[in-house]
Amino acid sequence: MKTTVQEILDQYQDSGRDSLIPILQNVQEKLGFLSEESVIEVSKFLKMPASKIFGVATFYNQFRFNQPGKYHVQVCRGTACHVLGSATVLEEVEKHLKVKAGQTTKDKLFSLEVVACIGACGLAPVISINGEFHAKVSTDTIKGIFDDYKNREE
Amino acid sequence: MNLTIEVNNNILTANQGDTILDALNQNGLSVPTLCHMKGLLPTGACRMCVVEVEGRKNLVTACSEPVLDGMKIKTHSGRVIESRKTIVELLLSNHPDDCLYCERNGSCELQDLAEDLHIRERRISGQKNKYKLDVSSASIVRDPAKCILCGRCVRVCEEIEGVSAIDFVGRGSKTFIDTFFNHGLNLSTCVNCGQCIMVCPTGALKEKDHICEIKDMLSDPEKTVVVQYAPSISVSLAEEFGLASGKNMVGVLNAALRRMGFNFVFDTSFSADLTIMEEASELVHRVTTGGTLPMITSCCPGWVKYAEEFQHDMIDNLSTCKSPQQMMGAIIKSYFAETESISPENIYSVSVMPCTAKKFEQQREEMSHNGISDVDAVLTTRELARMIRLYGIDIAKLEPELADSPLGTRSSAGKIFGTSGGVMEAAIRSAHYFITGKEMVKFQVKGVRGLEGRKEAKIKIGDLDVGVAVVSGLKNAEILMEEIRNGRKDIHFIEVMACPGGCINGGGQLIGTDDEAVKARMLSLYDIDEKDAIKVSHKNPYIVELYDKFLGKPLGHKSHHLLHTHYQKRFVN
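All values reported here derive from a predicted model rather than from experimental measurement.

Engineer: What's the story with the domain arrangement of chain B in this structure? I'm lost.
Structural biologist: Residue and element names in this part refer to chain B. For chain B, the assigned domains read domain 1 (3-76), domain 2 (124-207) and domain 3 (212-563). Summarising the inter-unit geometry, the C-alpha centres of domain 1 and domain 2 are found 29 Å apart. Contact with domain 1, which involves 8 residues of that partner, is made by 9 residues of domain 2. A combined buried area of about 710 Å² lies between domain 1 and domain 2, and 63% of that area is made up of carbon and sulfur atoms. Here domain 1 is connected to domain 2 by 0 salt bridges. Where domain 1 meets domain 2, there are 3 residue pairs in polar contact (both at pLDDT 80 or more). For the side of domain 1 that touches domain 2, the per-class residue count stands at 6 nonpolar, 2 polar and no charged.

This is the structure:
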C-alpha cells in the first residue's frame with residue numbers, strides 16, 4: 001500500500017527542489033496538515049534536509065503542523081477586526097481552548113488558526129468555525145459559542 | 001591586480017572578480033562583518049559591511065558586491081558609520097543584555113562591535129527575545145534569545161558539515177534558528193561537532209558545562225581524579241595566555257592540571273598509540289583476509305554519529321576501534337585501577353578535548369562497563385582555559401613537568417593525531433612494520449599532510465599498493481562516500497575528521513581560532529614529530545609493556561572487550 005504522500009510524490013517523479021512548495025501544498029490538501037512523517041518522506045524524495053523543509057514551511061502562514069480538529073476555528077486579525085478588539089478575542093479564545101494559534105485541543109475537537117482577513121469586516125470582530133461566521137464576538141460571548149459546538153457532540 | 005579603485009581618496013589596485021571586501025582586505029583595510037564567512041558564498045544578510053560607492057543611491061554590502069574598475073568607495077563616511085551603528089543598536093534592542101553573565105563575555109563579536117562603534121546609550125529599546133534554552137543535547141546548549149540571526153551556524157552545518165541539523169524557522173520578527181519540528185538538538189541530525197559554536201558571534205551557542213561537576217570531584221577526598229588531554233590540546237592553548245599560536249605547552253599543562261588537584265595526569269596521545277596498534281592490526285587483518293574495505297577511521301565521534309545517520313550502509317567499513325579518549329578511559333578503569341588498587345567506582349576520569357562531540361561520545365551506552373562510564377566528564381579547550389583562570393594558576397610562572405607514567409608516555413605518532421592526516425600517517429607507519437617486519441625508510445607521509453579538505457595518496461607497503469584518502473569536514477566525507485558507493489576500488493583506508501583540518505580546529509577550541517592559528521598548531525605537531533626519538537606507536541615502550549602485562553595482543557580477547565565497539569543505524573531528522 002502506498003501512503004498518501006507517496007501517491008502525491010508519484011506525480012512529481014522528475015521534479016527537483018523547485019517543486020517543494022507545490023508538493024507541500026498537495027500534502028496539506030490531502031492530510032489537512034503537514035505531519036512530521038510526511039515532511040520526512042518529502043525530504044527523502046527531494047534529497048533535502050528535513051530541517052530545511054521545516055524551515056521553508058514555517059515561513060508560510062498557509063502550512064499547518066498539527067492535525068486540524070473536528071472544528072477549525074479561524075480568528076480574524078485583519079484591520080477592521082483589530083480596531084474592534086480582535087487581539088483580546090484571540091487571547092480569550094486561546095485561554096478558553098487552552099491552545100495557542102496553530103495548535104489543536106487535546107480532545108481533537110478544536111484547532112485554532114489566525115487569519116489575516118476573511119472579508120467580513122462589517123461583522124468585526126469575527127471568528128469562523130468550519131466556515132460558520134460568528135459576528136461581533138466579545139470576551140463575553142466566546143464561551144457560549146464554543147459550548148454550543150461542544151453540545152453538538154453530546 | 002588589474003583594476004584601479006579609489007578608497008577613501010587613496011588609489012588602490014584590485015583583482016577582477018573579487019568582492020569589495022576582498023579588495024579592501026588585500027589592501028590592508030577592513031570593514032566590520034557579521035554574517036560573512038571566509039570561503040563560503042556571501043549572503044549579505046547582516047549589512048554590517050556596507051560602504052558608500054559613488055554613483056550608487058544606496059549603501060552596498062562589501063561582502064557580496066563585485067569590485068569594478070574605477071569604483072570610488074568610502075568605507076567610513078559619516079553615513080556609513082551611522083548606518084552600521086544603527087544596525088548594532090537594533091541588534092541590541094531585543095538582546096538579553098546579560099553580558100556579565102554570558103559565556104562569551106569578552107569574546108563576543110556583538111560586544112566588540114558595540115564597543116568599536118562607540119554605542120553608549122540605549123537609543124532603541126525593543127521587546128526582548130524570549131525563547132526556551134535547548135539543553136537537550138549532550139554537547140551543545142542553544143540559547144536562541146542571544147541569537148542575532150547571522151546564519152553562520154546554519155551555513156557551517158549545511159555547507160561544511162553536510163548535516164543541516166538547524167535552519168531558520170518562522171518569518172519576520174518571529175524568525176529564529178531551530179531544529180526539525182522544534183524537537184531539540186538531541187533528536188536532530190546534529191553530530192555535536194561544535195563548528196556552530198566556533199562561528200557563532202554571540203553566546204547563542206556554547207558547550208554543555210562539565211566544570212561544575214569536576215570542581216566538586218576535585219574536592220572530594222574519596223575520589224581519585226585522573227585527567228587525560230588530547231594530542232592537540234598542548235598546541236592549542238597558547239593564544240589564551242598571549243603566546244604565539246601553536247606553541248607546545250605540554251610541560252606547563254601537566255603542571256597546571258596537578259595544581260588544580262588532578263591526582264594523575266595522562267596523555268591521550270598514549271592511547272592514540274594504543275588505537276594505532278589496534279587499528280593498524282585491524283587494517284592488516286582486513287587487507288590480508290579479504291575483510292570489508294576501505295576501512296574508515298573511527299576516532300572522530302562527530303564522524304561516527306554522522307556515519308550512523310547518513311552513511312549507515314558503510315557502518316561495516318568503520319574500524320571497530322574506540323577513539324583514543326575511550327580507550328584511555330577503559331584502560332584507566334581497568335589496568336590502572338588494578339595496578340593502583342583503586343576501585344573503578346572511586347576513580348573520576350576527566351578528559352580534555354578540543355571537541356564537543358566527545359561529551360556525547362562519553363555518554364554513549366557502549367562506552368561503559370558494568371554501569372560505570374569509562375570517561376566521566378569532558379572539558380573542551382575553552383573550559384580548560386576557564387578552569388586554569390578559575391584556579392588562579394599563573395601559566396608564566398609554572399615549571400614544566402612530565403605526565404604520569406605509564407599512561408602519560410607517547411610516541412610522536414600518537415601526537416600527530418591532532419591534525420588531519422595524522423591518524424593516517426601514524427597507522428601507515430605501524431601497518432608498514434606489521435606487514436613487512438621493517439620500519440619505513442622515511443616516516444613522513446607527505447601526501448596526507450596539510451589542511452586541504454581532501455588528500456589522497458598511494459603508498460607502497462612491501463608488495464602492496466595501498467590507496468589512502470584523508471578528508472576533513474563532513475561534506476567532503478559525504479562526497480567521498482558517494483564515490484566509494486559508485487564503485488571506486490582504489491582506496492583501502494580512509495581517515496575522516498568532522499572538523500576542517502582535524503582536531504586542531506575542533507569545535508571545542510578557543511573562540512577566535514583562525515586559519516593562521518590552525519596552521520601554526522599543525523606545524524607545531526609536525527615539529528614535535530620531527531624532533532621526537534620514537535616516531536612509531538609500536539615502539540612506545542609503555543605500549544609494549546601494556547600488551548605484555550595486561551592486554552595480550554592487538555585484536556586479542558581483552559582488546560576486543562575493552563578497546564573495540566560497535567555502531568548502530570540512527571533514525572533522526
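Here the narrative resumes.
Engineer: Before we go on, may I ask you to explain the environment of Gly508 of chain B in this structure?
Structural biologist: All names here are of chain B. Its place among the elements puts Gly508 in the loop between β19 (493-497) and α16 (515-531). What makes Gly508 buried here is its relative accessible area of 0%. In this structure the C-alpha to C-alpha distance between Gly508 and Gly194, which are 314 residues apart in sequence, comes to 6.6 Å. Leave out the neighbours within four places in its chain, and Gly508 touches Pro354, Cys355, Thr356, Thr380, Thr381 and Arg382.

Engineer: Looking at this model, I keep getting lost on the nonpolar core. Mind explaining?
Structural biologist: Residues and elements named next belong to chain B. The biggest cluster of nonpolar side chains holds 70 residues, and the ones touching the most others in it are Trp303, Ile428, Val468, Leu474, Ile494 and Val496. Here this core gets 6 residues from one element, more than from any other, and that element is helix α14 (residues 422-436). Residue assignment places this core across two domains, with domain 2 (124-207) and domain 3 (212-563) each supplying three or more. In this view, Ile428 contacts Met440, Val445, Ile459, Ile461 and Val468; residues no more than four positions away in its chain are not counted. Counting 39 residues, the second-largest nonpolar core is a separate cluster that includes Ala230, Ala385, Ala403 and Leu510.

Engineer: Before we go on, may I ask you to explain helix α6 (residues 86-97) of chain A in this structure?
Structural biologist: One turn of an α-helix holds 3.6 residues; hence residues three or four places apart share an orientation. Residues and elements named next belong to chain A. Over its 12 residues, α6 extends 16 Å from the first C-alpha to the last, a length consistent with the 16 Å expected when each residue adds 1.5 Å. All buried positions along α6 are accounted for by Ser86, Val89, Leu90, Val93, Glu94 and Leu97. For α6, the buried positions fall inside an angular range of 135° around the axis, keeping them on one side. Exposed and facing more than 90 degrees away from the buried side of α6 are Glu91 and Lys95. The inward-facing, buried residues of α6 contact β1 (71-76), α5 (79-83), β2 (110-115), β3 (127-129) and α7 (142-153). Following α6 by one or two positions, Lys98 adopts a phi angle in the positive range, close to 60°.

Engineer: Could you clarify how one ought to interpret the pattern of salt bridges in this entry?
Structural biologist: Any two side chains of opposite charge can pair, on the condition that their charged atoms come close. Residues and elements named next belong to chain B. One pass over the full model with this rule turns up 56 salt bridges over all chains. Here Lys458 and Asp490 are joined by a salt bridge, their closest N and O atoms 3.9 Å apart. Here the residue Lys458 occupies a position in strand β17 (residues 454-461), and Asp490 occupies one in the loop between α15 (474-485) and β19, the gap between them amounting to 32 residues. With a relative accessible area of 54%, Lys458 lands in the exposed category. Measuring nitrogen to oxygen at the nearest pair gives 3.0 Å for the salt bridge that ties Arg485 to Glu482. With a gap of 3 residues between them, Arg485 and Glu482 both fall in helix α15, about one helical turn apart.

Engineer: What is the right way to look at the side chain of Glu207 of chain B in this model?
Structural biologist: Residues and elements named next belong to chain B. Locating Glu207 in the fold gives a position in strand β9 (residues 205-207). Side-chain polar atoms of Glu207 contact the side chain of Thr380, separated by 3.0 Å. Within polar-contact distance, the side chain of Glu207 engages the side chain of Arg382 at 3.1 Å. Ignoring any residue separated from it by four or fewer positions in sequence, one finds Glu207 in contact with Glu103, Ser139, Ile140, Val141, Ile197, Thr356, Lys359, Thr380, Arg382, Glu383 and Arg386.

Engineer: Explain the domain arrangement of chain A here, please?
Structural biologist: Frequently, the measure chosen for interface size is the accessible area that the parts lose on association. Under the domain assignment, chain A is made up of domain 1 (4-59) and domain 2 (71-153). Distance between the C-alpha centres of domain 1 of chain A and domain 2 of chain A: 29 Å.

Engineer: Honestly, the sheet that holds β3 of chain A in this entry has me stumped. Any pointers?
Structural biologist: Consider a sheet: its strands pair through backbone hydrogen bonds, and that pairing is either parallel or antiparallel. Residues and elements named next belong to chain A. A sheet is described by the order of its strands in space; here 4 strands give the open sequence β2-β1-β3-β4, paired in mixed fashion. One side of each edge strand has no neighbouring strand; the edge strands of this open sheet are β2 and β4 (132-134). Averaged over all pairs of adjacent strands, the angle between their axes in this sheet comes to 25°, without regard to strand direction. Here β3 runs beside β4; their pairing, made up of 3 bridges, is antiparallel. Note on β4: the bridge partner recorded for Ser128 is Phe133. Running at roughly 160° to β2, α6 makes contact with β1, β2 and β3 of the sheet. Docked against the sheet, α7 engages β1, β2, β3 and β4, running at close to 5° with respect to β3.

Engineer: For this particular structure, what's the right way to read the interface of chain B and chain A?
Structural biologist: The interface is formed by 16 residues belonging to chain B together with 15 residues belonging to chain A. Interface area for chain B against chain A, summed over the two sides, is near 1400 Å², with a carbon-plus-sulfur share of 60%. Counting the surface chain B buries against chain A, the share from its top three residues, Arg171, Phe180 and Phe181 of chain B, is 45%. Along the contact surface separating chain B from chain A lie 2 salt bridges. Of the charged contacts, one joins Lys52 of chain A and Glu158 of chain B as a salt bridge, the two residues approaching to 3.1 Å between their closest N and O atoms. Summed over the shared surface of chain B and chain A, the number is 6 residue pairs in polar contact (both at pLDDT 80 or more). Of the residues belonging to the side of chain B that touches chain A, the class tally is 7 nonpolar, 6 polar and 3 charged.

The rules we used
- Residues numbered from 1 in each chain as written.
- Chains lettered and ligands numbered in written order.
- Predicted model: local features only at pLDDT ≥ 70, side-chain atom pairs only at ≥ 80, totals over all residues.
- Heavy atoms only, no water.
- Domains from an automatic or database assignment.
- Contact = heavy atoms within 4.5 Å.
- Buried area = accessible area lost by both parts, 1.4 Å probe.
- Salt bridge = Lys/Arg side-chain N within 4 Å of Asp/Glu carboxyl O.
- Polar contact = N/O pair within 3.5 Å; in protein donor to acceptor, adjacent residues only side chain to side chain.
- Nonpolar A, V, L, I, M, F, W, Y, C, P; charged D, E, K, R; others polar.
- Helix = DSSP H or I, 4+ residues; strand = E, 2+ residues; numbered from the N terminus.
- Buried < 20%, exposed > 50% of the residue type's maximum accessible area, 1.4 Å probe, protein only.
- Core = buried A, V, L, I, M, F, W, Y, C linked by side-chain atoms within 4.5 Å.
- Expected span 1.5 Å × (residues − 1).
- Arc of directions from axis to C-beta.
- Pairing = 2+ DSSP bridges.
- Axes fitted to C-alpha atoms, helices over the stretch in contact; angles between N-to-C directions.

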